[in-house]
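Single-letter residue listing:
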Amino acid sequence: MKMRGNANARNTIRGNGSRHGAAGTQLPSGKTAKASMAQNIYDRPEFFAGYSRLARSVAGLSGAPEWPALKAMLPDIRGRRVVDLGCGFGWFCRWAAEAGASEVLGLDLSQNMLARARAETPHGVVSYQVADLETLELGEGSADLIYSSLAFHYVADAARLYAGIHKALAPGGHLVFSTEHPIFMASTSAGWREIEPGVRTWPVDHYFVEGARSTDWLSAGVVKYHRTLGTTLNALIRAGFTITHVEEFCPTPAQFTANPALAEEVERPMFLLVSAMR
């Protein structure tokens with residue numbers, strides 16, 4: 001697989017925020033990637049420390065409530081070439097290798113995340129590289145499955161990314177991803193509001209005002225990009241994808257029983273899960 005380029009609290013709407021660059025990286029083609037234009041929050045010490053303590057960081061895929069739903073959307077990956085965009089600690093990359101993928105490429109902007117992923121990955125079919133999803137260019141037809149978990153809402157130009165993914169997939173290839181649900185991230189003051197004793201609501205103001213949101217989550221000034229549900233799905237269609245499944249994630253009754261804290265997820269969707277084919 002060839003690659004060029006680099007991969008809740010109160011929100012405020014703002015223009016293009018400042019981005020923090022990362023050094024170029026040597027790629028399989030022998031070319032050097034341009035400096036990153038994405039915000040690299042995961043290499044901030046306070047953010048990385050907080051993220052490392054999250055249940056999904058400690059327990060891996062089993063610590064992510066949406067994983068069973070995402071897993072059900074995946075094709076048979078035995079013998080397939082897999083790319084994980086925003087691979088983090090490499091949990092999915094290792095799962096894909098154990099599930100029989102022929103090769104797995106994990107891409108992430110964070111050197112901290114990649115260092116942990118490399119240290120914990122014994123599988124020879126898995127490799128990791130620094131990548132910025134804002135400027136990512138994958139080789140044409142170089143992958144059979146492209147997967148991403150909770151990374152696309154950090155990308156300003158999602159339409160460009162979707163077009164690049166479509167080009168990188170072999171005919172019949174699959175894209176499966178999760179992202180923050182637009183209802184979850186739309187508001188300029190996201191968070192539960194108690195409207196009367198024992199009754200809470202989640203605001204959805206500014207839903208149709210797309211663009212950057214700045215939130216203080218684990219670290220101050222984390223920039224995400226809000227897009228409506230229609231914008232996301234239509235951008236995939238325009239890129240040439242056939243959408244095969246859309247799920248506004250809600251935990252199962254069994255998950256509610258095992259973890260009562262998930263009960264609030266019935267009140268509003270937190271994650272959007274999508275699968276599509278080239």
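All figures in this text were calculated on a predicted structure; none of them were measured in a lab. (Residues numbered from 1 in each chain as written. Predicted model: local features only at pLDDT ≥ 70, side-chain atom pairs only at ≥ 80, totals over all residues. Heavy atoms only, no water.)

## Remarks on the environment of Arg81
Part 1 of the reasoning: Mapping Arg81 onto the fold places it in strand S3 (residues 81–85).
Part 2 of the reasoning: A residue is classified by how much of its surface remains accessible, and Arg81, at 22% relative accessible area, is partly exposed.
Part 3 of the reasoning: Spatially, the C-alpha atom of Arg81 lies 6.2 Å from that of Ala101, the residues being 20 residues apart in sequence.
Part 4 of the reasoning: A polar contact is formed between the side chain of Arg81 and the backbone oxygen of Ser142, at a distance of 3.4 Å. (Helix = DSSP H or I, 4+ residues; strand = E, 2+ residues; numbered from the N terminus. Buried < 20%, exposed > 50% of the residue type's maximum accessible area, 1.4 Å probe, protein only. Polar contact = N/O pair within 3.5 Å; in protein donor to acceptor, adjacent residues only side chain to side chain.)

## Some details on the nonpolar core
Part 1 of the reasoning: Leu85, Ile146 and Ile165 are the most contacted members of the largest nonpolar core, which totals 29 residues.
Part 2 of the reasoning: Looking at which element gives the most residues to this core, the answer is helix H6 (residues 158–168), with 5 residues.
Part 3 of the reasoning: Beyond its immediate stretch of four places on either side in the chain, Leu85 contacts Leu107, Leu133, Leu136, Ile146, Tyr147, Ser148, Ser149, Ala151, Phe152, Leu161 and Ile165.
Part 4 of the reasoning: Among the nonpolar cores identified, the runner-up in size contains 28 residues, and Met73, Val82, Cys93 and Val130 belong to it. (Core = buried A, V, L, I, M, F, W, Y, C linked by side-chain atoms within 4.5 Å. Contact = heavy atoms within 4.5 Å.)

## Focus on the sheet that holds S3
Part 1 of the reasoning: Within the open sheet, the 7 strands sit side by side as S5-S4-S3-S7-S8-S14-S13. Their pairing is mixed. Two strands close off the open sheet at either side, each with one partner strand: strand S5 (126–130) and strand S13 (242–248). Each adjacent strand pair in this sheet contributes to an overall mean axis angle of 15°, direction not counted.
Part 2 of the reasoning: With 6 bridges joining them, strand S7 (residues 143–149) and strand S8 (residues 169–180) adopt parallel strand pairing. The residue bridging Ser149 from the neighbouring strand is Ser178, located in S8. (Pairing = 2+ DSSP bridges. Axes fitted to C-alpha atoms, helices over the stretch in contact; angles between N-to-C directions.)

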